[in-house]
Amino acid sequence: MGRELYLYNTLTRSKELFEPVEPPYVGMYVCGPTVYSDSHLGHARPAITYDILYRYLMHLGYKVRYVRNITDVGHLENEADDSGEDRITKKARQENIEPMEVVQRYMNSFHRSMDLLNTLQPSIEPRATGHIVEQQEMISTIIEEGFAYEENGSVYFDVEKYNRSYPYGILSGRVLDEMKANSRVLEGQDEKHSPFDFALWKKASQAHIMKWSSPWSNGFPGWHLECSVMSTKYLGDVFDIHGGGMDLIFPHHECEIAQSTAANGKPSVRYWVHNNMITINGQKMARSLGNFITLDQLFSGNHPLLERAYSPMTIRFFILQAQYRGTVDFSNEALLSASLGLQKLMTAVKTLNSLKGSERSSIDISAIKEKCYEAMSDDLNTPVVLAHLFDGVRMINLVNDGRETLSEADLDDLKELFRTFVFDILGLKEEESSGNDLLSGVVEMVLNMRQEAKARKDWATSDRIRDELLKLGVNVKDRKDGFDWEIKH
RNA sequence: GGUCGGUUGGCCGAGUGGCUAGGCAUCGGUCUGCAAAACCGGGUACGGCGGUUCGAAUCCGCCACCGACCUCCA
């Protein structure tokens, strides 16, 4: 923990020095997906953002407990309409399977995609359905504290009453009185005393499949509750970091704060961190908007908007090229650019490992490392980290071309730098498509024959071999004393 | 309507008062049998209008446009 980390705290709208409650331990909770369909590009953003934060915190020496939930309780598609189906049940009916089968299927799919993106698995991945009892306990506590009321088998959080004891809206910057003045009253919310009240427990209709018995009714917990319950259960009443998408600030996280504060008398979260959205044609990409591209589609290229497939590491690099609090606009051009940039970086890493040290260094590499740490510590500014790494790439290539030299010691430092930042912190990895020995053997045999043709100045044959290989996706790069080759991605 | 954020070159995307961001693309050059790769160099920027300042992409004001949230959403 020799270095300071500054994080942007949504609560104060400023970058703050990160100081855990109980160093060296850090508790981090991140809102995970509702598992009712394939995960999409939008899910990759928080997954990668908090993966980077997790990796960096560990790199700085913290012992991190990273909790990311799975929402597997079916929440209503339209809360104003009690007759509406929940998402998971709807999917189950469409596919004629059990709701829990839906949950399992898409949870598995989410995990596969996350693995491909090389995100580390959370320390704990709690599921809402596994914490029904705890959720009911919290509801009881909130009722006892006087901040919730029961109405016809459902329990609602009393926002007005809460607002008289604690400030409601501190995260999103909303003021209850202004909200009341500016909103129209929706029909169909008769049970609520105020339109801003939200459900802690919802009585289930006859048709509702996912429901549990409770002191109030057969029903299911409100959406906001699971995060309040599972975060504090595993991280303590007060913990360090809570992350999630910006779209969750209101009402989800605002309600979480209200629930936890109502139950414990104090807020639970010290640093609220929010990643921005991925947009497509300038508009938010979301499952609910129907303009999303699933991760599987990106990896396979199987989508009308995709000109080609993009590898998981290309997606990761694409996302890392923007700072997490800015939007990233999807386009084929941007993804293709990311894929080429990534290839340049990874090729340089390979080159680096083959460089030979010299007596002395002709260039100074010492500044890069410190600049990378500075950028990471400045609210995870990964695009700037990459910019500095690309300075290193140029140096690597200069040395490889014999235009500059590096001492053994500097070479070791540079290798260490790239290993640390490219692999450990940014979480990039080699995507070997050239991987098998048979292919390598055949390509090198053909290229050796081409060398012989070149020696005879048989340019026709030599060019033909190179062109044919290129058509097959093998890019040949001649060197003074031989050749390099790589698979084009 | 309310709250919040944004508008940077062909594309993506950093940058908060003077000092080259970076990637991709493009043009010229070096290297090469020719390419590719690499390296060197060039060009095209800071939404508009005012203001503060010796000096503003960077601070202030106004305007325009875009987006997010206000209902489920990563």
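Cut-off values and rules
Residues numbered from 1 in each chain as written. Chains lettered and ligands numbered in written order. Predicted model: local features only at pLDDT ≥ 70, side-chain atom pairs only at ≥ 80, totals over all residues. Heavy atoms only, no water. Domains from an automatic or database assignment. Contact = heavy atoms within 4.5 Å. Buried area = accessible area lost by both parts, 1.4 Å probe. Salt bridge = Lys/Arg side-chain N within 4 Å of Asp/Glu carboxyl O. Polar contact = N/O pair within 3.5 Å; in protein donor to acceptor, adjacent residues only side chain to side chain. Core = buried A, V, L, I, M, F, W, Y, C linked by side-chain atoms within 4.5 Å. Buried < 20%, exposed > 50% of the residue type's maximum accessible area, 1.4 Å probe, protein only. Helix = DSSP H or I, 4+ residues; strand = E, 2+ residues; numbered from the N terminus. Near = heavy atom within 4 Å. Nonpolar A, V, L, I, M, F, W, Y, C, P; charged D, E, K, R; others polar.

Visitor: Give a description of the domain arrangement of chain A that names residues and reports values.
Guide: Taken domain by domain, chain A comprises domain 1 (6-275), domain 2 (279-425) and domain 3 (437-487). Using C-alpha coordinates to define each centre, domain 1 is positioned 33 Å away from domain 2. Tallying the contact residues gives 35 residues for domain 1 and 36 residues for domain 2. Buried area between domain 1 and domain 2, summed over both chains or domains, comes out near 3,200 Å², and the portion from carbon and sulfur atoms is 62%. For the domain 1 face of the interface with domain 2, the top three residues by lost area are Leu 41, Arg 45 and Tyr 56, together amounting to 24%. Summed over the shared surface of domain 1 and domain 2, the number is three salt bridges. Where Asp 247 meets Lys 284, a salt bridge forms, and the shortest distance between an N and an O atom there is 3.8 Å. Scanning the region where domain 1 abuts domain 2 turns up 19 residue pairs in polar contact (both at pLDDT 80 or more).

Visitor: Talk me through the nonpolar core; I want residue IDs and the actual numbers.
Guide: Core analysis: the largest hydrophobic core is formed by 91 residues, its most contacted members being Ile 241, Leu 298, Ile 315, Leu 389 and Phe 418. With ten residues, helix α1 (residues 41-59) is the single largest residue contributor to this core. Counting only domains with at least three residues in this core, you end up with domain 1 (6-275) and domain 2 (279-425). Among all residues touching Phe 418, those that are not within four sequence positions of it are Leu 345, Val 349, Leu 352, Leu 389, Gly 392, Val 393, Ile 396 and Phe 423.

Visitor: Can you lay out the protein's contact with RNA strand B for me, pointing to particular residues and giving the numbers?
Guide: Around RNA strand B, a shell composed of 62 residues is seen, among which Trp 223, Lys 284, Met 285, Val 384 and Asp 401 lie nearest. Take the atoms of RNA strand B that sit within 4 Å of the protein: sugar and phosphate atoms are 68% of them. Between RNA strand B and Phe 250, the relevant distance is 3.4 Å, taken from a sugar or linking oxygen to a main-chain nitrogen or oxygen of the residue. Between a phosphate oxygen of RNA strand B and a main-chain N or O atom of Gln 323, the distance comes to 2.7 Å. The greatest single-element share of the surface near RNA strand B, amounting to seven residues, is contributed by helix α13 (residues 382-400). Split by residue class, the surface near RNA strand B holds 20 nonpolar, 24 polar and 18 charged.

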